[in-house]
Amino acid sequence: MANNKVLLVDDEEQILLSFQRRLKKQFNLDIATSGKQGLEKLDSEGPYAVVVSDYRMPEMDGVHFLKTVKQNHPDVVRIMLTGFADIHTATKAVNQGQVFRFLTKPCPPRDMAEALEQSIRYHNFIISEREVIDLKRWRKSLEQMVAALARLVESRDAYTAGHQQRVALLSVAIGRAMGLEEQTIDTVRLAATIHDIGKVYVPLEFLTKPGSLSPLELDVIHTHPQVGYEILKPIEFESPISRIVLEHHERLDGSGYPQGLIGSEILVESKIITVADVVEAMCSHRPYRPSRGVNKALGEIEQKKGVCYDPEIVDICLELFRKNNFNFQI
Ligand SMILES: [Fe+2]
Ligand SMILES: [Fe+2]
């Protein structure tokens, strides 16, 4: 809920009480009779949206007080109350950014109410802007953390280094061509960047083994989507990253793993990464086989289109390579 807490500071208590009486229905008004008391209240009873201060006060004057408020509580909107004789000082304070507005004494309650409403609106605007900036910063930290996790899993295995990034690159290109919203594309990018994180629990010799794997070794490798899901589940992503990681080896006809999901049970984000993963894996060189080349990779998804892979995603992927000359360079 919007903060409408206001602190009035004046050494003349009668003025404070009169404002409090006349404006208490509209605002959550607190009073202080000196700058020192005002600063104490800001520290102990805040956050306040607005502070109104008299200019002429003994000990600490209004400019000094509001300057300190600006330093200690920069989000609080500041108003100065001043007599006509002090207008020059008040104008200077506004110009220096110390105060948002000044009001002249005697100030009719209606003028005060109007200034407070405007100041509260401004305060709430500042707070919402701050939240947007915080969210952007938080997202950036999250992306950096995801990139660090991706490097961690890829640092074990030189052959698959860069695999997740290349899958992310193709997945994002598919998402864009599908016309998905930017937020969904961000989700696809993040999930693709760490989709194989569960491989940290797979012994390195299984991942790099030349020749075919035994059923037991395959069983261990097939745990990686579930392991990745367990690693990521406790992190509070705003999108279903852990679920996508869990689903990236599912197939439309239920022949995938670990859950054997079918068609509509699988998220579209997961279906995109599935196609990009298959194509990238077949294009890249592995210890047990050389690269099969782009044409073979595209032939694979084309052949199993509608059976294992989402037909729309396959068509878009084929078009990206055949018409738009997509390549994995990053
Ligand atoms: Fe995988
Ligand atoms: Fe993969």
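Predicted, not measured: the structure shown is a model, and the values here were computed from it.

### As for the domain arrangement of the chain
- Domain assignment breaks the chain into domain 1 (5–129) and domain 2 (156–322).
- For domain 1 and domain 2, the distance between their C-alpha centroids amounts to 59 Å.

### Considerations on the packing of helix α6 (residues 163–178) against helix α7 (residues 182–193)
- Interhelical geometry of α6 versus α7 gives an angle of 160° and a closest axis separation of 8 Å. The pairing of α6 with α7 is recorded here as roughly antiparallel in orientation. The hand of the α6/α7 crossing is right-handed. Taken together, the residues of α7 that come into contact with α6 (itself represented by Gln-164, Val-167, Ala-168, Ser-171, Val-172, Gly-175 and Arg-176) are Glu-182, Ile-185, Val-188, Arg-189, Ala-192 and Thr-193.

### Remarks on the coordination of the iron ion (ligand 1)
- Looking at the metal site, the iron ion (ligand 1) is ligated by Asp-196 (OD), His-224 (NE2), His-248 (NE2) and His-249 (NE2), spaced 2.1 to 2.3 Å from it.
- The site at the iron ion (ligand 1) holds 4 donor atoms, and with the angles between them running 85 to 175°, its shape is irregular.
- One chain supplies every donor to the iron ion (ligand 1), and in sequence these donors are spaced D-x27-H-x23-H-H.
- In this structure, the iron ion (ligand 1) is positioned 3.5 Å from the iron ion (ligand 2), and both are ligated by Asp-196. Taken together, the positions of Asp-196 in the loop between α7 and α8 (204–207) and His-224 in helix α10 (residues 224–232) put the pair 28 residues apart, joining distant regions of the chain.

### Section: unusual backbone geometry
- Omega for the peptide link from Lys-105 to Pro-106 comes to -5°, which places this bond in the cis form.
- Topologically, Pro-106 is positioned in the loop between β5 (101–104) and α5 (109–154).
- Of the consecutive residues Tyr-257 and Pro-258, the connecting peptide bond is found in the cis state with omega at 5°.
- Take Pro-258: it is sitting in the loop between α11 (241–247) and α12 (268–283).
- Phi is positive for Glu-59, close to 65°, though the residue is something other than glycine.
- Checked against the element boundaries, Glu-59 lands in the loop between β3 (50–54) and α3 (62–72).
- In this structure, Asn-325 is a non-glycine residue whose phi angle is positive, near 50°.
- Position of Asn-325 among the secondary structure elements: in the segment after α14 (311–322).
- By relative accessible area, Asn-325 is classed as exposed at 59%.

### Some points on the pattern of salt bridges
- Throughout the structure, instances matching the rule amount to 17 salt bridges.
- When the shortest N-O distance is used, the salt bridge between Lys-105 and Glu-12 registers 3.5 Å. Here Glu-12 lies in the loop between β1 (5–9) and α1 (13–23) and Lys-105 lies in the loop between β5 and α5, a separation of 93 residues in the sequence.
- Since its relative accessible area comes to 40%, Glu-12 is described here as partly exposed.
- The partner of Glu-300 in a salt bridge is Lys-304, with the nearest N and O atoms 2.9 Å apart.
- Residue classification places Lys-304 among the partly exposed residues on the basis of a relative accessible area of 30%.
- In the salt-bridge network here, residues are joined through shared partners; they are Asp-10, Glu-12, Asp-54 and Lys-105.

### Looking at a positive patch on the surface
- Taken together, Arg-21, Arg-22, Lys-24 and Lys-25 make up a surface patch of like positive charges.
- Relative to the assigned elements, Lys-25 resides in the loop between α1 and β2 (28–32).

### Comments concerning the pairing of strand β4 (residues 77–82)
- Across the 6 residues of β4, 6 count as buried, placing the element largely inside the fold.
- Covered by surrounding structure in β4 are Val-77, Ile-79 and Leu-81 together with Arg-78, Met-80 and Thr-82, the residues of both alternating faces.
- One crossover worth recording links β3 to the parallel β4 by way of α3, and it is right-handed.
- With 4 bridges connecting them, β4 and β5 associate as parallel partners. What sits directly across from Met-80, in β5, is Phe-102.

Reading the values: the criteria
Residues numbered from 1 in each chain as written. Chains lettered and ligands numbered in written order. Predicted model: local features only at pLDDT ≥ 70, side-chain atom pairs only at ≥ 80, totals over all residues. Heavy atoms only, no water. Domains from an automatic or database assignment. Axes fitted to C-alpha atoms, helices over the stretch in contact; angles between N-to-C directions. Helix = DSSP H or I, 4+ residues; strand = E, 2+ residues; numbered from the N terminus. Parallel < 35°, antiparallel > 145°, perpendicular 65-115°, else oblique. Left-handed = near helix turned anticlockwise from the far one by under 90°. Contact = heavy atoms within 4.5 Å. Donors = N, O, S within 2.8 Å, 3.2 Å for Na, K, Ca; no water. Tetrahedral: all angles 85-135°; square planar, octahedral: opposite > 155°, others 65-115°. Buried < 20%, exposed > 50% of the residue type's maximum accessible area, 1.4 Å probe, protein only. Salt bridge = Lys/Arg side-chain N within 4 Å of Asp/Glu carboxyl O. Patch = residues over 30% accessible without salt bridge, like charges linked within 9 Å, V, L, I, M, F, W, Y side chains within 5 Å. Areas by Shrake-Rupley, 256 points an atom, 1.4 Å probe, with all protein chains shown as cover. Lys, Arg positive; Asp, Glu negative; His and termini not counted. Charge placed at Lys NZ, Arg CZ, Asp CG, Glu CD. Right-handed = clockwise from strand over helix to strand, strands pointing away. Pairing = 2+ DSSP bridges.

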